[in-house]
Amino acid sequence: MYPFIRMAKEIWKYRNAPKLGLGEIHVSHHRCWPWDIDLWKELNNGRTLTLYDLGRIPLAQRSGLIPLLRRERWGLTMAGACVRYRRRIRTFERVEMRSRLIGWDHRFMYLEQTMWKENGDCANHAVYRGAITDRNGIVPTERVMTGLGYDAVSPELPEWVTLWLQAEDARPWPPQM
């Protein structure tokens, strides 16, 4: 089940937090509860992706995106993700999550998120390709940035993100099976 109560808590907790500019990091803290684990008593890989919502939505809120979405009646969707898992997060462990926008192109925004264990180890790392949508499809990011009050050019995407996007472009769609 989606963690609606946890999401409401995060939105409430950061409702008066200072606004974040483009590329600034939203930091939040979370605990791995028994309902987040798999058979090996560690954070389930699918649940990791769900918990990353607990960082992305407050990031969008603090950057002014959520009010813009409401005003324009736009939606927010994920169009791809690449995740690297490196350290187990066990039941009841507390993690620090860091979330930030790393850049955009004409259609998509690229977000980076990490979870850090209390001993300083990075447990996992994700990059997302997200889009703002309306009833006609994807809203151009230039229009989104203008709505946020920015007349900014995207920072250059890191090479590893560019390589991921090239691999995505080479991947057949629809799948061949």
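Conventions we followed
Residues numbered from 1 in each chain as written. Predicted model: local features only at pLDDT ≥ 70, side-chain atom pairs only at ≥ 80, totals over all residues. Heavy atoms only, no water. Helix = DSSP H or I, 4+ residues; strand = E, 2+ residues; numbered from the N terminus. Buried < 20%, exposed > 50% of the residue type's maximum accessible area, 1.4 Å probe, protein only. Polar contact = N/O pair within 3.5 Å; in protein donor to acceptor, adjacent residues only side chain to side chain. Pairing = 2+ DSSP bridges.

Novice: In this structure, what is going on with the side chain of S99? I would like to understand it.
Specialist: Mapped onto the elements, S99 comes out in strand β3 (residues 94-104). Residue class for S99 comes out buried when judged on its relative accessible area of 0%. For S99, the side chain forms a polar contact with the side chain of Q113, separated by 2.8 Å.

Novice: Explain the pairing of strand β4 (residues 109-117) here, please?
Specialist: Side chains on a regular strand alternate between the two faces of the sheet. Taken across its 9 residues, β4 has 8 buried, putting it largely inside the fold. Judged from the 9 bridges that link them, β3 and β4 form a sheet pairing that is antiparallel. Residue pairing across strands places M97 opposite M115, the latter belonging to β4. Both β4 and strand β5 (residues 122-134) contribute to a ladder of 8 bridges, which runs antiparallel. What sits directly across from E112, in β5, is V127. Following β4, the chain reverses through 4 residues before pairing antiparallel with β5; G120 in that reversal takes a positive phi of roughly 95°.

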